[in-house]
Structures are given as C-alpha cells and as structure tokens.
Amino acid sequence: MNQLLAGKKFLIMGVANDRSIAWAIAKQLHEAGATLAFSYQGDRLESRVTKLVETTMPGSTMVQVDVTRDEEVASAFALLKEQWGTMDGLVHSLAFAKTEELEGNFVDTSREGYLLAQDISAYSLVSCSRYAKDMMPEGGTIITMTYLGGERVVANYNVMGVAKAALDQSVRYLAADLGQHNIRVNAISAGPINTLAARGVRNFTSILPQVAEKSPLKRNITQEEVAKTALFLASDLSSGITGEIIHVDAGYHIMG
Ligand code: N5H
C-alpha cells in the first residue's frame with residue numbers, strides 16, 4: 001500500500017453516497033495515509049454520510065456546509081482550524097442545477113437558476129479556496145471536478161456548462177493567485193459516471209453507452225479512475241502541475 005499522503009490532512013466536500021466521486025477520492029486518499037474531514041449539505045445527508053464515513057474511516061471530522069451560506073462556510077473552516085490548525089488540501093466535488101434547466105433550451109434558463117448553478121458549482125470553489133489558503137501556510141493542493149460541457153456545447157448540459165466554464169477559469173485564476181503560496185489548483189474533467197447527481201438527469205443512462213462507443217478506450221470510466229488521478233494531484237507526484245484540467249474520460253474529448 002502506498003503512503004503518499006502520510007500525515008497529510010484533506011477536507012473532502014461533496015459526498016452524497018457511496019457512488020459519489022468524492023467518496024471514491026476519499027477512499028484513495030485514506031488508503032494513501034491521509035487524515036480526512038468531510039463536509040455534507042443539510043440534515044438530509046448527515047446520517048447517510050456519517051454512517052458511510054464511520055464504518056470505513058472512524059475518527060474523521062464531519063462538518064455541515066451549505067456553500068450558498070457564507071456563514072456556514074466560515075464556521076466549517078473555523079471548526080476545522082480549531083481541530084487541525086493547518087491542512088494540506090481540499091477536494092471540491094460539488095455542483096447543482098435545477099433539473100428543469102438540464103433539459104430543453106439553454107435560452108430559457110431563468111436568472112435564479114443561472115445564479116444558483118454559478119453559486120454552488122463555481123463560486124463555492126473561490127470562497128472555499130480562500131478559507132483553505134489560510135489553513136495551508138506551507139502550501140497545499142486544491143482539486144475540483146469539471147466536465148467537457150464547460151468547454152463544448154453538450155446537449156442538455158445547458159446552465160451547468162456555463163457554470164463549468166466559470167469553474168474552469170476560476171481554477172486558472174486561483175492557480176495564478178495561490179501559486180506564490182505553493183498552493184496548486186487543478187481540475188479533473190471526468191467522463192459520465194452513474195452517480196446520484198447524474199441519476200437525477202433525464203436519459204442519463206442512455207448517454208453512457210453512446211459515450212463508450214465513441215471513446216478511444218471504447219468504454220466508460222469509473223469513480224476509481226477519477227480517484228487515482230485525484231491521488232496523483234493531491235500528492236507530490238504532481239508537484240509541477242497547477243491550473244490544469246486533466247481529462248479522465250477514456251479519451252472521449254479528443255474525438256471529433
Ligand atoms: C450532458 C449531460 C447530461 C445532462 C446534464 C447533467 C448535469 C448534471 C450535473 C448537476 C450537478 C446535476 C444536478 O444538479 C441534479 C439536481 O438537479 C437533482 N439531484 C439532486 O439534488 C441530488 C439528490 C444531489 C446529490 O445532486 C446534487 N447535485 O447535489 C452530462 C452528463 C453526460 C455528465 C454529467 C452527469 C456531468 C456532471 O456535471 O455531473
């Protein structure tokens with residue numbers, strides 16, 4: 001077993017259940033020796049996420065954070081600072097858009113829906129990175145999750161595509177800001193995976209075989225493949241990489 005992250009502390013944001021990409025990343029980081037904290041959103045997820053964490057990683061810190069509320073973000077990081085003092089990294093695996101705006105035409109996106117998608121899916125990386133920076137005086141690594149629909153028009157991705165474009169560019173601006181503090185900021189652009197967030201999307205299961213057929217590797221990707229890339233980005237193996245978007249998508253993005 002590798003111990004690439006022995007003695008390191010990471011906050012994982014965005015576990016909803018055991019199929020979450022954030023959960024797969026947590027398992028890889030944990031196996032590599034990291035100590036973890038988890039943030040979950042709202043009372044609804046509290047018991048499920050706490051149960052999941054307790055069975056595999058007892059002793060991990062749990063904090064409730066709704067990223068649309070500045071005071072919750074502030075108090076979560078304050079609690080973590082009290083407990084840990086410093087930390088080594090942040091995994092941001094959060095996004096949200098209203099289901100009705102993930103079908104039909106982008107032109108019909110409401111102001112409220114547009115702002116909500118931006119707030120949860122893009123701005124939260126900026127605010128959380130600001131707090132994380134304060135806890136990483138010696139440097140650290142920030143990882144977020146993005147999707148090809150932020151670079152290209154992908155049917156039905158709509159308002160999320162615009163939010164991911166903002167997220168991708170936020171990664172670059174944050175990387176430019178935080179590099180002087182030895183903090184690296186990168187994103188993983190994952191191919192479609194059957195997670196709770198994806199399942200809420202109409203026709204999602206029919207997308208998987210279509211994407212597999214067109215991909216160079218002729219298959220879909222797994223949470224574990226994304227998580228292994230996250231381990232690489234979290235560790236010193238990637239020490240020269242920042243502001244980057246790594247596609248973990250069986251090569252799909254190179255195809256015309
Ligand atoms: C082209 C596609 C398919 C169409 C668009 C999918 C967009 C998915 C992302 C967002 C984050 C999904 C979402 O917000 C669903 C919510 O409205 C309802 N679901 C929930 O509230 C559940 C319970 C919770 C856990 O979800 C969240 N978000 O908190 C893209 C696909 C091929 C690839 C894909 C699925 C990309 C992606 O960004 O996830």
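Along each chain, residues carry numbers from 1 onward, in the same order as the chain's sequence is written. In keeping with the predicted nature of the model, local features appear solely for residues at pLDDT of at least 70, side-chain atom pairs appear and are counted solely at 80 or more, and the whole-chain, interface and lining totals rest on all residues. The side-chain numbers reported here are obtained from all heavy atoms of the structure, hydrogens and water having been left aside.

Once that is clear, we can look at the pairing of strand β4 (residues 89–92). Here's how the labels work: a residue is buried when its accessible area is under 20% of the maximum for its type, exposed when over 50%, partly exposed in between, all with a 1.4 Å probe on protein chains only. Here a helix means four or more residues in a row that DSSP labels H or I, a strand means two or more in a row labelled E, and each is numbered from the N terminus. Here β4 shows two buried faces, one formed by G89 and V91 and the other by L90 and H92. Two strands form a pair only when DSSP identifies at least two bridges running between them. Here β4 runs beside strand β5 (residues 140–146); their pairing, made up of four bridges, is parallel. By the bridge assignment for β5, G89 is matched with T141.

Attention now goes to the site of the ligand. The full set close to the ligand counts 20 residues, and A95, A97, A155, Y157 and V201 are the nearest of them. N or O atoms within 3.5 Å of each other form a polar contact, as long as, within protein, one can give a hydrogen and the other can take it, and as long as residues adjacent in sequence are counted only when both atoms are side-chain atoms. Y157 is positioned such that a nitrogen or oxygen atom in its side chain is 2.4 Å from an oxygen atom of the ligand. In the complex, the protein chains occlude 82% of the 810 Å² of accessible area that the ligand would expose alone. Of all elements in the fold, only α5 (158–178), α6 (196–199) and α7 (204–214) reach the threshold of two or more residues within the shell around the ligand. The element contributing the most residues to the shell around the ligand is α6, with three residues. Classes in brief: Ala, Val, Leu, Ile, Met, Phe, Trp, Tyr, Cys and Pro nonpolar; Asp, Glu, Lys and Arg charged; the others, Gly included, polar. Tallied by class, residues from the shell around the ligand come to 16 nonpolar, two polar and two charged. The nearness test applies per residue and asks whether one of its heavy atoms lies within 4 Å of the molecule or strand. Using the Shrake-Rupley algorithm and a 1.4 Å probe, accessible areas are obtained, with residue cover drawn only from the displayed protein chains.

Quick look at empty space enclosed by the protein now. Two kinds of site are reported from a 1 Å grid over the protein atoms alone, namely cavities, where a 1.4 Å probe fits but cannot get out, and pockets, open sets with protein on both sides within 12 Å along at least five of seven lines, and residues are called lining when an atom falls within 4 Å of a point. Grid points are joined across faces, edges and corners, and a volume is the space filled by probe spheres set on the points. A full pass over the atoms with the stated rule returns one cavity of 30 Å³ or more. Along its surface, the largest cavity is lined by Y147, L148, S189, A190, G191, P192, V211, D249 and Y252. The class makeup of the residues in the lining of the largest cavity is six nonpolar, two polar and one charged.

We now examine the UniProt feature "active site" (unreviewed entry) in the protein chain. UniProt positions are given in the numbering used here, feature names are shortened, and annotations may be inferred rather than shown by experiment. UniProt records the feature "active site" (unreviewed entry) at Y147 and Y157, using the numbering of this structure. Here, the largest cavity is lined by Y147 out of the annotated residues. Residue placement: Y147 occurs in the loop between β5 and α5. Discounting residues that sit within four places of it in the chain, Y147 has contacts with V154, Y157, K164, S189, A190 and P192. Looking at the element boundaries, Y157 is found in the loop between β5 and α5. We call two residues in contact whenever any of their non-hydrogen atoms come within 4.5 Å of each other. When residues no more than four places from it in sequence are discounted, the contact partners of Y157 are L102, Y147, G149, G150 and K164.

This next bit is on helix α4 (residues 111–134). For a helix, the expected span equals 1.5 Å multiplied by the residue count minus one. With 24 residues, α4 should cover 34 Å at 1.5 Å per step; its first-to-last C-alpha distance of 33 Å lies within 8% of that length. Along its length, α4 shows its largest kink, about 50°, at Y123. Listed in full, the buried residues belonging to α4 are G113, A117, Q118, I120, S121, A122, S124, L125, S127, C128, S129 and A132. Looking at the buried residues of α4, the elements they touch are β1 (9–13), α3 (70–84), β4, β5 and α5. Note on bend: at a given residue it equals the angle between the axes fitted to the 7 residues ending there and to the 7 starting there.

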